[in-house]
Amino acid sequence: MVHDVIVIGLGGMGSAAAYHLAARGQRVLGLEKFSPAHDRGSSHGGSRIIRQSYFEDPAYVPLLLRAYELWAALAADSQQEVYRITGGLFIGPPDCLTVAGSLKASCQWELPHEVLDAAEIRSRFPNFTPDSGDIALYEDKAGFARPELTVQAHLALAEQAGATLQFGEQVLEWAETAAGVTVQTDRGTYTAGQLVICPGAWAPQLLAEFGIPITVERQVLYWLDPAGGTAPFVDHPIFIDESADGMQIYGFPAIDGARGGVKVAFFRKGVVCTPDTIDRTVYDREIREMRERTAELLPVLDGPCLHSATCMYSNTPDQHFVIARHPGSENVTVACGFSGHGFKFVPVVGEILADLAITGSTAHPISLFDPRRLVTT
């Protein structure tokens, strides 16, 4: 079969790319080492925060505004609750990144928001016990996406649009040819005019020749059982809380039923690993540390850990993404290094990758994600 575009990796970004490409009439072949919506990489764990008041950099906000439009379209097209708006609290000292950065982005882009002092936080959201000097930015449009459901929805829509998706097939190597690209897997060899690579935590191996520095880190997710049950956490905002020492924790409403607990985690508190060496065991000391930190902010959540899971962040040195046509190739587009904050962008990244593969450019502002900023000569 003749293919216009081969997509390597069908996790969050790759599944979205496969869908957007197929929806534009491209003959797409998608290749994935694991099963659909698997739990071996980064696009799993039941929930991911979505928000617009982006403390990482206001430059992301235009992409977020488009992503929100595409989240709504994906929900409508798939008839699945791939995302939910809950409101969001971003808490900490007034000068911390979580608060000051969120406020900067909100003001620059005129995003609706409120600033609450500690007393107002406790009054409106009584589960929280912030420090007396803390404040919060409240964003009504924040919420969460469901990663597994999102991947499944994009894959199903991609197939409906004509894409061929093959799972349990490992890519061994790829090469450029006079006519485009060739991809060799453990099952066969495929050719196409264009290649889109969405390797996730496998980026250091699959993109080694590009010289993009990416460090993979093990991260842990925890589901804690609230004292007295999950009822106080059902109608509850997502949150990110930054302590005086700069450590962030984040969490969600109770979205998995009476015995599903409440998901919380540290942000960027991991150890370097690879997909082959990651330790999937979650240790008692890690659970204890998470419970102690959570109890400072949410005392009613100080219950046992019902279950836990690991995932991987693929971090660039500046924690910004890599999304670009390869500087030395007209046939290869890469998307990687999402640094633990990329999933909320999945629908718009899929749109961008389709733009780049088909036309070589995009109207979306992606100069921040040029890999040449990271490559030293």
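Structure: above.
On a predicted model such as this, the values are computed, not experimentally measured, just so you know.

Caption draft 1: Seen up close, the overall build of the protein. The helix and strand tally for the protein stands at eight helices and 20 strands. Expressed as lengths along the three principal axes of its C-alpha atoms, the size of the protein is roughly 65 × 45 × 40 Å. Summing over all exposed atoms, the protein offers an accessible surface of approximately 14900 Å²; the carbon and sulfur share of this is 50%. Seen as two clouds, the 28 positive and the 44 negative side-chain charges of the protein have centres 2 Å apart.

Caption draft 2: Region of interest: the layout of surface pockets. In this structure, the second largest pocket spans a volume of roughly 220 Å³. Every residue lining the second largest pocket is counted, 13 residues in all, and those nearest its centre are Arg218, Val220, Tyr222, Lys269 and Glu286. Secondary structure elements with two or more residues in the lining of the second largest pocket: β13 (215-224) and α7 (284-297). The biggest single contributor to the lining of the second largest pocket is β13, with four residues. Of the residues that constitute the lining of the second largest pocket, the class distribution is five nonpolar, two polar and six charged.

Caption draft 3: Representation of the sheet that holds strand β4 (residues 83-85) within the structure. Within the open sheet, the three strands sit side by side as β3-β8-β4. Their pairing is antiparallel. Each end of this open sheet is capped by a strand with a single partner; those strands are β3 (48-50) and β4. Neighbour-to-neighbour, the strand axes of the sheet open up by a mean angle of 25°, direction not taken into account. Here β4 pairs with strand β8 (residues 143-145) via three bridges, running antiparallel. Counterpart to Ile85 in the pairing with β8 is Gly143. Each of β3, β4 and β8 touches helix α2 (residues 61-78); the most contacted strand, β4, lies at about 120° to it.

Caption draft 4: Structural view of the packing of α2 against helix α5 (residues 147-160). Relative orientation of the contacting elements α2 and α5 amounts to 65°, with a least axis distance of 10 Å. When the axis of α2 is compared with that of α5, the two are roughly perpendicular. Handedness of the α2/α5 crossing: left-handed. Between α2 and α5, the contacting residues are Trp71, Leu74, Asp77 and Ser78 on the first element and Thr150, Ala153, His154 and Leu157 on the second. Classifying every residue of the contact of α2 with α5 by side-chain character gives four nonpolar, three polar and one charged.

Caption draft 5: Structural detail: helix α3 (residues 97-108). With twelve residues, α3 extends 15 Å from end C-alpha to end C-alpha; this agrees with the ideal 16 Å at 1.5 Å per step. The set of residues buried in α3 consists of Thr98, Val99, Gly101, Ser102, Ala105 and Ser106. One or two positions beyond α3, positive phi appears at Glu110, with a value near 55°.

Caption draft 6: Seen up close, the packing of aromatic side chains. The tally for this structure, following the rule as stated, stands at 17 aromatic pairs. With 5.1 Å between their ring centres and 50° between their planes, Tyr54 and Tyr60 make a pair best called tilted. Each ring, one from Trp71 and one from Tyr83, has its centre 6.3 Å from the other, and the planes form 35°; the classification is tilted. On the criterion of sequence distance, the pair formed by Trp71 in helix α2 and Tyr83 in strand β4 is long-range, its members being twelve residues apart. Given a relative accessible area of 0%, Trp71 falls into the buried group. Overall, the relative accessible area of 21% leaves Tyr83 in the partly exposed class. One aromatic cluster in this structure is built from Tyr54, Tyr60, Phe321, Phe338, Phe345 and Phe369. Sitting above the plane of the Tyr138 ring, Arg124 keeps its charged end 5.4 Å from the centroid. One Lys or Arg, Lys269, reaches over the ring of Phe266 and ends 5.5 Å from the middle of that ring.

Caption draft 7: Fine view of the pattern of salt bridges. Applying the stated criterion across every chain, the model contains 18 salt bridges. A salt bridge links Glu56 to Arg51, with the nearest nitrogen and oxygen atoms 2.7 Å apart. Classification of Glu56 as buried rests on a relative accessible area of 19%. Given a relative accessible area of 3%, Arg51 falls into the buried group. One salt bridge in this structure joins Asp318 and Arg373, with 2.7 Å as the shortest N-O distance. One end of the pair, Asp318, is in the loop between β18 (305-315) and β19 (322-325); the other, Arg373, is in the segment after α8 (346-359), and 55 residues separate them in sequence. On the basis of relative accessible area, Arg373 is assigned to the partly exposed category, the value being 31%. Counted as one network, the salt bridges with shared partners bring together Arg66, Glu69 and Glu351.

Caption draft 8: Local environment of the pairing of strand β16 (residues 262-267). With six of six residues buried, β16 is to be regarded as a mostly interior element. Where β13 lies against β16, three bridges are found, and the strand directions are antiparallel. Each residue of the ladder has a partner; that of Trp223, found in β16, is Lys263. Note that strand β15 (residues 248-251) and β16 share four bridges and pair antiparallel.

Calculation rules
Residues numbered from 1 in each chain as written. Predicted model: local features only at pLDDT ≥ 70, side-chain atom pairs only at ≥ 80, totals over all residues. Heavy atoms only, no water. Helix = DSSP H or I, 4+ residues; strand = E, 2+ residues; numbered from the N terminus. Areas by Shrake-Rupley, 256 points an atom, 1.4 Å probe, with all protein chains shown as cover. Lys, Arg positive; Asp, Glu negative; His and termini not counted. Charge placed at Lys NZ, Arg CZ, Asp CG, Glu CD. 1 Å grid on protein atoms, 1.4 Å probe; cavity = no way out; pocket = protein on both sides within 12 Å on 5 of 7 lines; lining within 4 Å. Points joined across faces, edges and corners; volume = space filled by probe spheres on them. Nonpolar A, V, L, I, M, F, W, Y, C, P; charged D, E, K, R; others polar. Pairing = 2+ DSSP bridges. Axes fitted to C-alpha atoms, helices over the stretch in contact; angles between N-to-C directions. Contact = heavy atoms within 4.5 Å. Parallel < 35°, antiparallel > 145°, perpendicular 65-115°, else oblique. Left-handed = near helix turned anticlockwise from the far one by under 90°. Expected span 1.5 Å × (residues − 1). Buried < 20%, exposed > 50% of the residue type's maximum accessible area, 1.4 Å probe, protein only. Phe/Tyr/Trp six-rings, centres within 6.5 Å; stacked < 30°, edge-to-face > 60°. Lys NZ or Arg CZ within 6 Å of the ring centre and 35° of its normal. Salt bridge = Lys/Arg side-chain N within 4 Å of Asp/Glu carboxyl O.

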